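Below, each chain spelled out in residue letters.
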Amino acid sequence: MNRVNKFVAALVLMPVLALNNMLSAQTNQSMENKVNTIFNQLTLEQKIGQMTQIASTNGDEVPKYVIDAIKEGRVGSILNAGTPKAIEKIQKIVAKESPNKIPLIIGRDVIHGYKTIFPIPLGQAASWNRKLVETGANIAGKEAYDEGINWTFAPMIDISRDPRWGRIAESLGEDPYLTAELGAAMVVGFQGNELSSEKGRIAACAKHFIGYGATENGKDYNAVSIPDYQLWNTYLPPFKAALDAGVGTFMTAFNDINGIPASANQFLLKEVLRDKWNFDGFVVSDWESMSQMINQGYSENLRDVALQSASAQLDMEMVSSAYQKHLKELIESGEIDIEVVNTAVKNILSVKVALGLFEQEYNGVPKNTEILSATHKAEAKKMAIESLVLLKNENALPLKIKDQKIGIVGPLADAPAEQVGTWSLDAVIDEVETPLNAFQEAFGDQIVFAQGLENARSNNTDQIQATVDSMKGVKDVIVFAGEDAILSGEGHSRAFIHLPGAQEALIDALAEAGKNIILVVQAGRPLTLGTIEDKVKAILYAWHPGTMGGPAILDVITGKVTPSGKLPVTFPRTLGQVPIYYSSIESGRPANPQMLGIPTGTPLDPVGLTNNYLDVSVTPAYAFGYGLSYTSFSISKPKFSNTELVKGERITVTVEVKNTGKYEGAEVVQLYIHDKVASYMRPKLELKGFEKVYLAPGESKKVTFEIGDDQLSFFDKNGNVLLEKGKFEIFVGNASDNLASEIITLKNIK
Ligand code: GLC
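Residues numbered from 1 in each chain as written. Predicted model: local features only at pLDDT ≥ 70, side-chain atom pairs only at ≥ 80, totals over all residues. Heavy atoms only, no water.

Let's shift gears to the overall build of the protein chain. For the protein chain, the count of helices and strands is 22 helices and 27 strands. Relative to the globule expectation of 27 Å for 750 residues, the C-alpha radius of gyration of the protein chain, 27 Å, shows essentially globular dimensions. Within the protein chain, counting contacts between residues at least 6 apart in sequence, those at least 24 apart form 76% of the total. As displayed, the protein chain offers around 29,800 Å² of accessible surface, 52% of which is attributable to carbon and sulfur atoms. Within the protein chain, one finds 71 positive and 88 negative side-chain charges whose respective centroids are separated by 4 Å. (Helix = DSSP H or I, 4+ residues; strand = E, 2+ residues; numbered from the N terminus. Rg over C-alpha atoms; globule rule 2.2 N^0.38 Å. Contact = heavy atoms within 4.5 Å. Areas by Shrake-Rupley, 256 points an atom, 1.4 Å probe, with all protein chains shown as cover. Lys, Arg positive; Asp, Glu negative; His and termini not counted. Charge placed at Lys NZ, Arg CZ, Asp CG, Glu CD.)

Attention shifts here to the side chain of Ser 584. Looking at the secondary structure, you find Ser 584 in the loop between α21 (549–557) and β17 (633–635). Given the relative accessible area of 18%, Ser 584 is considered buried. When residues no more than four places from it in sequence are discounted, the contact partners of Ser 584 are Pro 683 and Lys 684. (Buried < 20%, exposed > 50% of the residue type's maximum accessible area, 1.4 Å probe, protein only.)

With that out of the way, let us pick up the layout of surface pockets. The space that makes up the largest pocket amounts to roughly 1,100 Å³. Forming the walls of the largest pocket are 40 residues, and the residues nearest its centre are Pro 237, Lys 688, Asp 710, Ser 713 and Phe 715. Of all elements in the fold, only α7 (176–191), α8 (228–235), α9 (237–244), β22 (686–695), β23 (700–707), α22 (709–712) and β24 (714–715) reach the threshold of two or more residues within the lining of the largest pocket. Tallied by class, residues from the lining of the largest pocket come to 20 nonpolar, eight polar and twelve charged. (1 Å grid on protein atoms, 1.4 Å probe; cavity = no way out; pocket = protein on both sides within 12 Å on 5 of 7 lines; lining within 4 Å. Points joined across faces, edges and corners; volume = space filled by probe spheres on them. Nonpolar A, V, L, I, M, F, W, Y, C, P; charged D, E, K, R; others polar.)

Our next topic: the sheet that holds strand β9 (residues 282–284). The strand order across the open sheet built from three strands is β5-β6-β9, with neighbouring strands paired in parallel fashion. Looking at which strands have only one partner, the edges of the open sheet turn out to be β5 (205–209) and β9. In this sheet, neighbouring strand axes are inclined to one another by 25° on average, regardless of whether the strands run parallel or antiparallel. Both strand β6 (residues 249–252) and β9 contribute to a ladder of three bridges, which runs parallel. (Pairing = 2+ DSSP bridges. Axes fitted to C-alpha atoms, helices over the stretch in contact; angles between N-to-C directions.)

Glancing now at the site of the ligand. Neighbouring the ligand are 13 residues; Asp 109, Arg 167, Lys 207, His 208 and Asp 286 lie closest to it. Within the side chain of Asp 109, one N or O atom sits 2.5 Å away from an oxygen atom of the ligand. A distance of 2.9 Å separates an oxygen atom of the ligand from a polar side-chain atom of Glu 490. Bound to the protein, the ligand loses 95% of the 310 Å² it would expose on its own. Class assignment of the residues belonging to the shell around the ligand gives a composition of seven nonpolar, one polar and five charged. (Near = heavy atom within 4 Å. Polar contact = N/O pair within 3.5 Å; in protein donor to acceptor, adjacent residues only side chain to side chain.)

Take the sheet that holds β22 next. The sheet built from five strands is open, its strands ordered β19-β27-β26-β21-β22 with mixed pairing. Sheet topology places β19 (644–646) and β22 at the edges, where each strand pairs with a single neighbour. Ignoring which end each strand starts from, the neighbouring axes of this sheet average 25° apart. Judged from the six bridges that link them, strand β21 (residues 665–675) and strand β26 (residues 726–735) form a sheet pairing that is antiparallel. Bridge pairing in β26 places His 674 opposite Glu 729.

Note the cis peptide between Ala 154 and Pro 155, where omega equals 10°. Structurally, Pro 155 can be placed in the loop between β4 (151–152) and α7. Residue Val 578 is joined to Pro 579 through a cis peptide bond whose omega torsion reads 5°. Positionally, Pro 579 belongs in the loop between α21 and β17. Its identity is not glycine, yet Trp 423 carries a phi of approximately 55°, on the positive side. With respect to the helices, strands and loops of the structure, Trp 423 is situated in the loop between α16 (416–419) and α17 (435–443).

On to empty space enclosed by the protein, then. Scanning the model with the defined rule gives four cavities of 30 Å³ or more in all. A volume near 80 Å³ is recorded for the largest cavity. Every residue lining the largest cavity is listed: Gln 50, Ile 70, Gly 73, Val 75, Val 94, Ser 98, Pro 99, Asn 100, Lys 101, Ile 102 and Leu 104. Residue composition of the lining of the largest cavity, grouped by class: six nonpolar, four polar and one charged. Within this model, the second largest cavity holds a volume of roughly 50 Å³. If you go around the second largest cavity, the residues you meet are Ile 111, His 112, Gly 113, Phe 118, Gln 124, Val 133, Gly 136, Ala 137, Ala 140, Met 186 and Phe 190. Those elements that place two or more of their residues in the lining of the second largest cavity are α6 (130–146) and α7. For the lining of the second largest cavity, the element with the most residues is α6, which contributes four residues. Here the lining of the second largest cavity is composed, by residue class, of seven nonpolar, four polar and no charged.

Following this line, the structure appears as structure tokens:
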């Protein structure tokens, strides 16, 4: 565009921008006025009521204790409020009989779908597809909205590097950048670009603030120690990304961080969240995470709890009653300043006003709801397809099914309630399409089915021989194994992460009988497959794939679609390697693969020892970012616009991706960096960009990443941004263990 056109464009654009800014300032002003008008009518008790969230019960009825709380102005939010009928009753009681007619904000764990269930978040992360993740959240929010829910306790953006931890299922994996990108996509999916009163939009909640995934030994609700340096560089970035995406609420974690519980952590809730990041939404505790501080030996009693959490500006208490019982007295005694309460209430009212709750009247599920619509199911299937990760394929897939019999075996071939995974409170199990459904629908009596085991955890091997016998004459057998849904999720950590029950024995028997086994794993975490890997021809990791898992698996196994998933978390060979993650620090004595094993009688020789185990390789079973395809891709040598830059400058790195195979497919091009020498030891690799490209056979596409201060800087232990001159190795490839690199230099930083 030439100079004149630019000038004209600026002339035209200026008033529009100014008008927009004026309008948004007016909107903010009018919202602020509205908040203040409501706020000014509240008594202290009613203010404390707004800071209280209580749990109701399922079903159409509204319990008396809920009705009483509403009528007495003792509640500002309800979670698990029951059916749409119950929610309608609740909001009508608020409108007619509560002291201030302030609508309740109705919360629910809408984590990976509402009635149409999408893959668990760990599976969605395997799609590496920002848009699909956003769409999934948008659909989940719309379905929940139609049933009267206006706040979800998602995205869960806890960095998770311990597969023993049950809640890894609910996370977006081990990496700060991938989690930040996809967590922000979920926020936008639920809320839009900002909190809004638009139909179908609900408030999101960045949780659990913070460090929950670093729980000691993978047990839930356990101690957490995170050095400040790690806090700033690994655990905080996804929460900052959610805040930058406009998230309306945060939730505190159950755990402590270095001895201070998250629900009373002034450093995190005030210094970081409010003072440094200027968060202006509200913070809710986790379920009784406040009163649990008594068990944690941090609070003497519930009065202490109220004092400590209020002092940290924790705005809303979930389920426990410290604020209800003690906050008024703490204000009257002067131990808590009234400003703490006023700020909390204004934070809460601001979110309610922004959501348009005062203008909305909930009258039950609208006639035109799209709950479980074909469109929603199609999107769930699309996400399920892109979440599937092909870990192994010895020319077994895609499976060419002509008129031959195909075996479908395993306890998870037809287990709809397991297929939806953890946190599927509102799933409609009858609507779940299982792999057996899908394959039988497609191939009729070509399918020979045998469950093989009573369930995924059964150790009863009585059916195994009969199963093998029933596969007589069947060459290709698809085995559906893994974990039932309840083996992952909150409070469900495992000390062993191999296939539960007698599933390995079932696979062994089929392998013994010479079957071509295609193993499809449904699980809420990485599993250690050990010797099983050598006994099967292919492994497709399906996580818990949700309502449309069956049709998605069918399309990928038969080659209608090529798998494109990449691991969002490292798969260990054995639990003994945990924690194992790609972005680790290099050892002063880097591992020497020769060190594996050591003959008996070897004399002790302290020279030449390295960062090794003696009994297992230091490499993972499958690397972060890894996933196979049916086609093949070439990624050209990275081309840099420059290999030197100064602070404030940006350079680009470009690669050409080509589909060199015979199937359509998608490749995830990944950009990593390594700061070679820095004032803190930096990880060997850090993901700083990714792009998923869809290519037909023979087609190619250029992918360009920008590199500048954002990609090359990091935090010191006080959260200050450090940008240090020196060499950086820049990597581009399709997995963290399959990269090409070049050195660039950041110059003349002081
Ligand atoms: C649970 C979870 C939290 C959830 C909340 C409400 O204990 O830790 O993630 O949102 O309670 O169900």
